[in-house]
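What the coordinates show
In case you want the letters, here they are:
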Amino acid sequence: QVPVVESGGGLVQAGGSLRVSCLVSGVPFSDTTIAWYRQAPGQQREFIASDTPGSTTKYADSVKGRFTISRDNGKRSAYLQMISLKPEDTGDYYCNARKSFGFPQFNYWGPGTQVTVSS
């Protein structure tokens, strides 16, 4: 069973909206840090947003005010709501679930979901 699986990617026009989801299984979820990363074609993977229970959410400057990270502990899921999408938001979006304290400790990546923003 894959611990982290993304879904919800697709093709959207510039200015449109899209929500990608991340389902986490097999590991504790409520105290897990969830982060979203993006990798554009030919580029390195970059940080987009993160949510750590008991701490503030963080966003890359390039997405502040347009993207919102959230989570539903009951569904063991996290989400990235994206609005006012731009062609430069195109890329593979990856969910990272990690816990670096206590027990167990883990760091899992999903296989990614593709988002394409057309101009």
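What this report covers is the structure whose coordinates are included nearby. Nothing here was measured: the structure is a model prediction, and the numbers come from that model.

Observations regarding the sheet that holds strand E8 (residues 77-82)
What the 4 strands build is an open sheet, ordered E1-E3-E8-E7; its pairing is antiparallel. Because the sheet does not close on itself, it has two edges, and the strands there are strand E1 (4-7) and strand E7 (67-72). Averaged over neighbouring strand pairs, the angle between their axes works out to 15° when direction is ignored. One ladder, built from 6 bridges, connects strand E3 (residues 18-24) with E8; its direction is antiparallel.

Topic: unusual backbone geometry
For the bond from Phe103 to Pro104, the omega torsion is -5°, close enough to zero to count as cis. Turning to its location among the elements, Pro104 is positioned in the loop between strand E9 (91-99) and strand E10 (106-109). In this structure, Arg76 is a non-glycine residue whose phi angle is positive, near 55°. Of note, Arg76 is situated in the loop between E7 and E8. In the Ramachandran plot, Ser84 falls in the positive-phi region, its phi being about 50° despite a non-glycine side chain. Among the structural elements, Ser84 can be located in the loop between E8 and E9. Under the relative-accessibility criterion, Ser84 is labelled partly exposed at 36%.

Quick word on the environment of Ser55
Its location among the elements puts Ser55 in the loop between strand E5 (46-51) and strand E6 (58-59). Residues Ser55 and Gly110, spaced 55 residues apart in sequence, show a C-alpha to C-alpha distance of 23 Å.

Parameters at a glance
Residues numbered from 1 in each chain as written. Predicted model: local features only at pLDDT ≥ 70, side-chain atom pairs only at ≥ 80, totals over all residues. Heavy atoms only, no water. Pairing = 2+ DSSP bridges. Helix = DSSP H or I, 4+ residues; strand = E, 2+ residues; numbered from the N terminus. Axes fitted to C-alpha atoms, helices over the stretch in contact; angles between N-to-C directions. Buried < 20%, exposed > 50% of the residue type's maximum accessible area, 1.4 Å probe, protein only.

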